[in-house]
Amino acid sequence: MTTALADKTCTPCRGGIPPLEREEAEALRANCKDWELPDDGHRIERKFHFTNFREALNFVEGVGELAEAERHHPEICFGWGYAKVSLQTKKIKGLHENDFIMAVKIDRLFDSTRASVADRNK
Ligand SMILES: C[C@H](O)[C@H](O)[C@H]1CNC2=NC(N)=NC(=O)C2=N1
């Protein structure tokens, strides 16, 4: 039985391995369908939307904590009402399963922040 991506933790990537082929990346992207796989196929990215800057900042702080815990780090651009997260395994200049583990965990973080905002607005 394969372990769900969300139940995995990122493995230290020492480089020297080929990045995922596009077909492999597309198969893994089925687990995180809101992420885009731009033409070069070497990264995945998703833009998250928020009601203001503070919510975007809180989310970015959470992503940072997750990245430190997983030792796998995204690039993040954010501002009032949005945060754009890009994932690539730098050591191999392409995609690795680690990137998809991070994507599903970032999605869960986003869903949990939306749930808490909804609760606050009740
Ligand atoms: C030593 C440290 O664990 C490595 O440099 C990690 C850090 N975080 C990383 N993050 C990403 N996205 N790619 C890497 O190759 C990478 N390498």
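The chain is annotated in an unreviewed UniProt entry as Putative pterin-4-alpha-carbinolamine dehydratase from Methylocystis heyeri. Turning to the chain, the UniProt annotation filed under Catalytic activity (unreviewed entry) states: "(4aS,6R)-4a-hydroxy-L-erythro-5,6,7,8-tetrahydrobiopterin = (6R)-L-erythro-6,7-dihydrobiopterin + H2O". Heading Sequence similarities (unreviewed entry) of the UniProt record for the chain holds this comment: "Belongs to the pterin-4-alpha-carbinolamine dehydratase family."

Asker: Break down helix α2 (residues 53–70) for me, with residues and values.
Answerer: Residues lying three or four places apart along an α-helix face the same way, a consequence of the helix completing one turn every 3.6 residues. Compared with the 26 Å implied by 1.5 Å per residue over 18 residues, the 26 Å span of α2 between its first and last C-alpha is a close match. Three or more residues of α2 are buried, namely Glu-55, Ala-56, Phe-59, Val-60, Val-63, Leu-66, Ala-67 and Glu-70. Angularly, the buried residues of α2 cover 135° about the axis, an arc narrow enough to put them on a single face. More than 90 degrees from the buried face of α2, the exposed residues found are Arg-54, Glu-65, Glu-68 and Ala-69. Looking at the buried residues of α2, the elements they touch are β1 (44–49), β2 (75–79), β3 (82–87) and α3 (97–120). One or two positions beyond α2, positive phi appears at Arg-71, with a value near 55°.

Asker: How would you explain the pattern of salt bridges if you had to name every residue and give the values?
Answerer: Under the defined criterion, the tally for this structure stands at 11 salt bridges. For Glu-26, the salt bridge is made with Arg-29, and the minimal N-O distance between the two is 3.1 Å. Here the residue Glu-26 and the residue Arg-29 both occupy positions in helix α1 (residues 22–29), the gap between them amounting to 3 residues, near one helical turn. The partner of Arg-114 in a salt bridge is Asp-111, and the shortest N-O contact between them spans 3.3 Å. Taken together, the residues span about one helical turn, with Arg-114 and Asp-111 both in helix α3 at a distance of 3 residues. Three or more residues are tied together by salt bridges with common partners; here these are Asp-40, Arg-43, Glu-45 and Lys-84.

Asker: Can you explain a nonpolar patch on the surface? Please cite residues and give values.
Answerer: A cluster of nonpolar side chains, namely Phe-53, Ile-76, Phe-78 and Trp-80, defines an oily patch on the protein surface of about 400 Å² accessible area. Position of Phe-78 relative to the elements: it lies in strand β2. Under the relative-accessibility criterion, Phe-78 is labelled partly exposed at 30%.

Asker: So what about the side chain of Ser-86? Which residues, and what values?
Answerer: Inspection of the secondary structure assignment puts Ser-86 in strand β3. Apart from residues no more than four positions distant in its own chain, Ser-86 is found in contact with Arg-43, Ile-44, Glu-45, Pro-74 and Glu-75.

Asker: Give me unusual backbone geometry: which residues, what numbers.
Answerer: For Arg-71, which is not glycine, the phi torsion reads 55° and is therefore positive. Residue position: Arg-71 is located in the loop between α2 and β2. Classification of Arg-71 as exposed rests on a relative accessible area of 70%. For Lys-93, which is not glycine, the phi torsion reads 50° and is therefore positive.

What counts, and where the lines are drawn
- Residues numbered from 1 in each chain as written.
- Predicted model: local features only at pLDDT ≥ 70, side-chain atom pairs only at ≥ 80, totals over all residues.
- Heavy atoms only, no water.
- UniProt positions renumbered as here; feature names shortened; annotations may be inferred.
- Helix = DSSP H or I, 4+ residues; strand = E, 2+ residues; numbered from the N terminus.
- Expected span 1.5 Å × (residues − 1).
- Buried < 20%, exposed > 50% of the residue type's maximum accessible area, 1.4 Å probe, protein only.
- Arc of directions from axis to C-beta.
- Contact = heavy atoms within 4.5 Å.
- Salt bridge = Lys/Arg side-chain N within 4 Å of Asp/Glu carboxyl O.
- Patch = residues over 30% accessible without salt bridge, like charges linked within 9 Å, V, L, I, M, F, W, Y side chains within 5 Å.
- Areas by Shrake-Rupley, 256 points an atom, 1.4 Å probe, with all protein chains shown as cover.

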